[in-house]
Amino acid sequence: MTTTLTSATAGGPADAPRPTAARAASRTTVPTRRGRLPRTPLNPRPSIPLTLVAGLVLLYTLLPLAWLLINATKDQKGLLDSFGLWFADDVNLWDNITRTLTYDDGVFVRWLLNTLLYVAAGAGGATVLAVLGGYALAKYQFPGRKAIFAVVIGAVAVPGTALAVPTFLMFSGMGLTNTPWAVIIPSLISPFGLYLMWVFAAEAVPTELLEAARIDGSGELRTFFTIALPLLMPGTVTVLLFSMVATWNNYFLPLIMIKDPDWYPLTLGLNAWNAQAQTAGGEAVFDLIVTGSLLTIVPIVAVFLLLQRFWQSGLAAGSVKE
Amino acid sequence: MTLLTTSAQAAPPPPRPRSRFRLRKEAWVGWGFAGPFVAVFGLVFLAPIGYALYLSLFRDRLIGGTSFVGLDNYADALTDPRFWDGLLRVGLFLLVQVPVMLGIALLVALAIDSGRLYGASFFRVAVFLPYAVPAVVASLIWGFMYGTQFGLVGNVNDALGVTLPDPLSPSLVLASLGNIVTWEFVGYNMLIFYSALKVVPRSLYEAAAIDGAGEWRVVRSVKLPAIRGALVIATIFSIIGSFQLFNEPSILQKLAPNAITSDFTPNLYTYSLSFAGQQHNYAATVAIVMGVITAIIAYTVQLRGMRKG
């Protein structure tokens, strides 16, 4: 995982305009990476002062991640004794990872598997529902269409906690609390995903194509699977990606729904270790919390870096359509 | 709400008139596709809202059991100092944190869009990266860094022989929380602004340059008005997020139990009312009041933001 991460990060600066190439391009009309325009006063050469100023923000966003990476290599003693932004005398990363995965009979692995289950079922299901719903809203005229959209968008403003208490009581009445269902079912709804797919389907799937398929005698389901779905793929991956992040990072929903540590996702597990470490008499497992935090973010960061193309274009298509 | 207005323009043109038979068939198929979403949405959004409204009209007493009390819970909530304290705290938080975060996000987006940065695409990805980090992990990392024990603050104190103010003390903890939230979402907002800037027609910049406009003038007179919609949307989402502040204080609470009380934000208050105090009816009432206040403010911002356009 670490290797993919590094190589993917390295891919970032690689496609950036290289200063020398850019300078050469400024005299010719070779299109630069930025756009179809040749280098003009509108498309100026890079500036060092501006890069330095923006670099401060970069430093700010990367500093905590660097801290995490460095401190995941320290044992308990190293955490307390050494400077936070530099390595201790000995590197214990491998030992820390082993101990994180085996601590308390491997409960961390159990939490990881739970998280994977919640992500696969919750985010996968949310994507399916959003794609079907968005396609329907974009390509079919049916009564209640406008109402669905208005209600769903209005619901975005409702605070999560306003829903939490009654949802908990309802699920508790149905006997669903303390089961994976309590986390999966609410994860199935992504208003943002529905909106994104609606806009995306309206543009990516030409209505004439659907009409032609119908005239050829294709049923609606078959038309959807063979014609619409392939065209919807880029939007679908974007929705899947954002639903995955939301489910992977979910804290509040499992916090109220799950009391049994066997069904904790990683986020609740780390929180429990932290609570234990802060309690008098509890075993101080700070090294495990730090290493566990690193292990928690590596997969999701890797997915993000590998699928950059999708979220960048997806946001452009969806959230700011003007 | 904003999304609705914006997306209405993206809606496909109204289809050609069709026969009644075709329309009936289309309605069935349309509902067939949208049905699963609508059903689950009803279960996890509409039913709980209805249930919360119902709960808020009752009260559970030790003696006499559950009884209908009309709007008494609402009257209590509106005069509850613990609720108002939390509301004022998130209000202060949002007045400072949201402008700082959106300001930084906008500056970075403009810098990347200007084409004057070395390694622009690296900037775009690296600044966005914290968005993928769970709130739990972000709060733990920053919480540890804030710490005087093995945190950076402690390191600096030891190295320089000074005593920095404790970021987890009651007077500074709100600012420390603001920093965590800014760190998590600055990249996300940057990306929204950047995506909006990218679709501004380049010909506008050319026209402005021909008119002799400098770079700052282009930013002020062309770029900012062009992305007004994105600015308003980001502001509204940030306001909603601030009012819902829960995850970060809930996790930091373990590191700073004296600074973060159980009614630190309205959402923490609702949570502790409900899950520590078993006062489900009153918790539902506070949550509804909070939802209404959030909606009113978001709607006002939207109206004001769009009117100037």
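Residues numbered from 1 in each chain as written. Chains lettered and ligands numbered in written order. Predicted model: local features only at pLDDT ≥ 70, side-chain atom pairs only at ≥ 80, totals over all residues.

An unreviewed UniProt entry lists chain A under the name ABC transporter permease, with Streptomyces hydrogenans given as the organism. Listed in UniProt under the heading Sequence similarities (unreviewed entry), the comment for chain A reads: "Belongs to the binding-protein-dependent transport system permease family." The UniProt entry for chain A carries the following text under Subcellular location (unreviewed entry): "Cell membrane". (UniProt positions renumbered as here; feature names shortened; annotations may be inferred.)

The next thing to look at is the overall build of chain A. What chain A contains, in helices and strands, is 15 helices and zero strands. Here chain A holds 322 residues, and the buried ones make up 42% of them. A fraction of 69% describes how many contacts in chain A between residues 6 or more apart in sequence connect residues 24 or more apart. (Helix = DSSP H or I, 4+ residues; strand = E, 2+ residues; numbered from the N terminus. Buried ≥ 20, exposed ≤ 12 C-beta atoms within 10 Å, placed from the backbone. Contact = placed C-beta atoms within 7 Å.)

Next up on the list: the overall build of chain B. Regarding its fold elements, chain B presents 14 helices and two strands. When its C-alpha atoms are laid out on the principal axes, chain B stretches across 80 × 75 × 30 Å. Here chain B holds 309 residues, and the buried ones make up 48% of them. Counting contacts in chain B only where the partners sit at least 6 residues apart, residues at least 24 apart contribute 68% of the total.

With that settled, the discussion passes to the nonpolar core. If you look at the biggest cluster of nonpolar residues, it comprises 170 residues, and the most contacted ones within it are V108 and F193 of chain B. Counting only domains with at least three residues in this core, you end up with domain 1 (48-91) and domain 2 (93-318) of chain A. (Core = buried A, V, L, I, M, F, W, Y, C linked by C-beta atoms within 7 Å. Domains from an automatic or database assignment.)

Moving on to the interface of chain A and chain B. With 98 residues of chain A in contact, the opposing surface of chain B contributes 100 residues. Among the elements that make up the side of chain A that touches chain B, the one with the highest residue count is helix 3 (residues 48-71) of chain A (eleven residues). The residue makeup of the side of chain A that touches chain B, split by class, is 69 nonpolar, 23 polar and six charged. (Nonpolar A, V, L, I, M, F, W, Y, C, P; charged D, E, K, R; others polar.)

Before going further, it helps to spend a moment on the domain arrangement of chain A. Residue and element names in this part refer to chain A. By the assigned domains, chain A splits into domain 1 (48-91) and domain 2 (93-318). With centres defined by C-alpha atoms, the gap from domain 1 to domain 2 works out at 30 Å. Taken together, the elements giving at least two residues each to the side of domain 1 that touches domain 2 come down to helix 3 and helix 4 (76-81). With three residues, the top contributor of residues to the side of domain 1 that touches domain 2 is helix 3. Tallied by class, residues from the side of domain 1 that touches domain 2 come to five nonpolar, three polar and two charged.

Here the focus is the environment of P44 of chain A. For P44 of chain A, the location among the structural elements is in the loop between helix 2 (19-25) and helix 3. Residue classification places P44 of chain A among the partly exposed positions, given that 14 C-beta atoms sit within 10 Å. Setting aside its immediate chain neighbours within four residues, P44 of chain A contacts G115 and R116 of chain B.

For the rest of this paragraph, the subject is helix 8 (residues 180-187) of chain A. Within helix 8 of chain A, six of the eight residues are buried, leaving the element largely enclosed by the surrounding structure. Those residues of helix 8 of chain A lying buried are A182, V183, I184, I185, P186 and S187 of chain A.

A few words on the UniProt feature "transmembrane region" (unreviewed entry) in chain A. Residues and elements named next belong to chain A. The sites that UniProt annotates as "transmembrane region" (unreviewed entry) are residues 48-70, 116-138, 147-169, 181-202, 223-248 and 288-307. Span residues 48-70 is 100% helix and 0% strand, its end C-alpha atoms 29 Å apart. Helix and strand shares over residues 181-202 are 86% and 0% respectively, and the end C-alpha atoms of the span are 33 Å apart.

Our focus in this paragraph is unusual backbone geometry. Residue and element names in this part refer to chain A. Phi at D105 takes a positive value of approximately 60 degrees, unusual for a residue other than glycine. One can find D105 in helix 5 (residues 93-139). Positive phi outside glycine occurs at N178, with the angle close to 70 degrees. Look at N178 and you get partly exposed, because 15 C-beta atoms sit within 10 Å.

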